[in-house]
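# Summary of structural features
What follows is the residue order along each chain.
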Amino acid sequence: MNTFSLILIVATLVTGVFYVYDVVKQRPVRKANLKRALEQCPNLPKKEQRELKEGSGAVVQIAGLFPILLIVFLFRAFIYEPFRIPSGSMEPTLVAGDFIAVSKWSYGIRNPLTNSVWIETGKPERGDVVVFKYPEDPSIDYIKRVVGLPGDEVIFANKRVYLRKACNVGTVTPTEVTVAESSAPCTSPEAVKLEELGSITHEGATYSESYLVFKEYLGAEPHRLQINPRVPDLSQYYYRQQGALRGSWVVPEGHYFVMGDNRDNSKDSRFWGFVPEENLVGRTVGVWLSLEFSSDPERLLPDFIPSAIRFERMGGLE
């Protein structure tokens, strides 16, 4: 259950009760008092008229929060929800300190508490950057890129993605693949096209790391990814699906295979498996704010205070 959504719903309902009480009980009394005051003093100052009309006290103050909370709840639950990128697993597309807008209606109008779908509106496509509830701990929100759709076979070898799209292999579950004898032969896996763009270097107070940057043609629009040539093969840690080779996964119906764009620094489907459709939160549409946080030990301000706003990063995904 989404704890923040629950708190927001409760706050909206409580303030709504105060709002209704104010409208039904107190507002007519205030109107009558204002009318009586104007009859006694036609030249009553505007400030005093406003005070009589709007009222004061705890009930009025709490009731005044209801329209704000209602708008925030509806916007966040069904239109857009903001998220902050906490790590570098999606570099270079998204970096730590980016604040993203996530479309909540892209993959269905959902119950804000349980995330179950009320109205179907669409499905993820290859290349979508999605926010989802981490399958091993649904209280945590993850963000990755969709690589494999239901029925796809995803192969990751030599730091490159190979796809055998919607291959009919028989019975598939998140833990096991059973090849059907009557299945039509599958086509050979195809390497996802990569175009090398050069290299970049990330520098910190105590380190310097170089990455190769590529343009990957996975979905309708290409995107950038980065690879660290110094990181060794990690296939011994991969999630194993019984009946499939190591480094190969067949995506079950109702599930998705996701990966980070920072391929050597991303805890994704390669290591823990598939994302169930009911865990999807929404599709990332852009960066609405990007803050830089300095790690300089000589900086006087606390670490949680940003050192700069990265205006060049604000906008749609590249």
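Below, the structure is looked at part by part. (Residues numbered from 1 in each chain as written. Predicted model: local features only at pLDDT ≥ 70, side-chain atom pairs only at ≥ 80, totals over all residues. Heavy atoms only, no water.)

### Section: helix 3 (residues 58–78)
With 21 residues, helix 3 should cover 30 Å at 1.5 Å per step; its first-to-last C-alpha distance of 30 Å lies within 8% of that length. Turning to helix 3, its buried residues are Val60, Ala63, Phe66, Phe73, Arg76 and Ala77. Tucked into the core, helix 3 has its buried residues touching helix 1 (3–40), helix 2 (46–54) and strand 1 (80–84). (Helix = DSSP H or I, 4+ residues; strand = E, 2+ residues; numbered from the N terminus. Expected span 1.5 Å × (residues − 1). Buried < 20%, exposed > 50% of the residue type's maximum accessible area, 1.4 Å probe, protein only. Contact = heavy atoms within 4.5 Å.)

### Some remarks on the pattern of salt bridges
Evaluated as defined, the whole model comprises 16 salt bridges. A salt bridge links Arg126 to Asp152; its shortest N-O distance comes to 2.8 Å. A residue pair is termed long-range when its members are at least 10 positions apart, and Arg126 in the loop between strand 4 (117–119) and strand 5 (129–133) and Asp152 in the loop between strand 6 (141–148) and strand 7 (153–157) qualify at 26 residues. Pair check on accessibility: Arg126 and Asp152 agree, each one buried. With its nearest N and O atoms 2.7 Å apart, the salt bridge here joins Asp261 to Arg145. On the criterion of sequence distance, the pair formed by Asp261 in the loop between strand 16 (255–259) and helix 4 (269–272) and Arg145 in strand 6 is long-range, its members being 116 residues apart. Like Arg145, Asp261 is buried. Taken together, the shared-partner salt bridges in this structure form one network comprising Asp22, Arg27 and Arg30. (Salt bridge = Lys/Arg side-chain N within 4 Å of Asp/Glu carboxyl O.)

### Re the pairing of strand 7
For strand 7, the buried fraction is high: four of the five residues fall into the buried class. As paired strands, strand 7 and strand 8 (residues 160–164) are joined by five bridges and run antiparallel to one another. Within strand 8, the residue paired with Phe156 across the bridge is Val161. Where strand 7 meets strand 15 (residues 248–250), three bridges bridge the pair, whose relative direction is antiparallel. Paired with Glu153 across the strands is Val250, a residue of strand 15. (Pairing = 2+ DSSP bridges.)

### Things to note about the sheet that holds strand 14 (residues 223–227)
Sheet strands pair via backbone hydrogen bonds, and the direction of the pair is either parallel or antiparallel. Reading across the sheet, the three strands line up as 12-13-14 and stay open at both edges, with antiparallel pairing between neighbours. Every other strand in the sheet has two partners, leaving strand 12 (194–203) and strand 14 as the edge strands with one partner each. The average angle at which neighbouring strand axes cross in this sheet is 30°, direction not considered. Across five bridges, the pairing between strand 13 (residues 208–216) and strand 14 is antiparallel. Within strand 14, the position partnered with Val213 by the bridge is Gln226. (Axes fitted to C-alpha atoms, helices over the stretch in contact; angles between N-to-C directions.)

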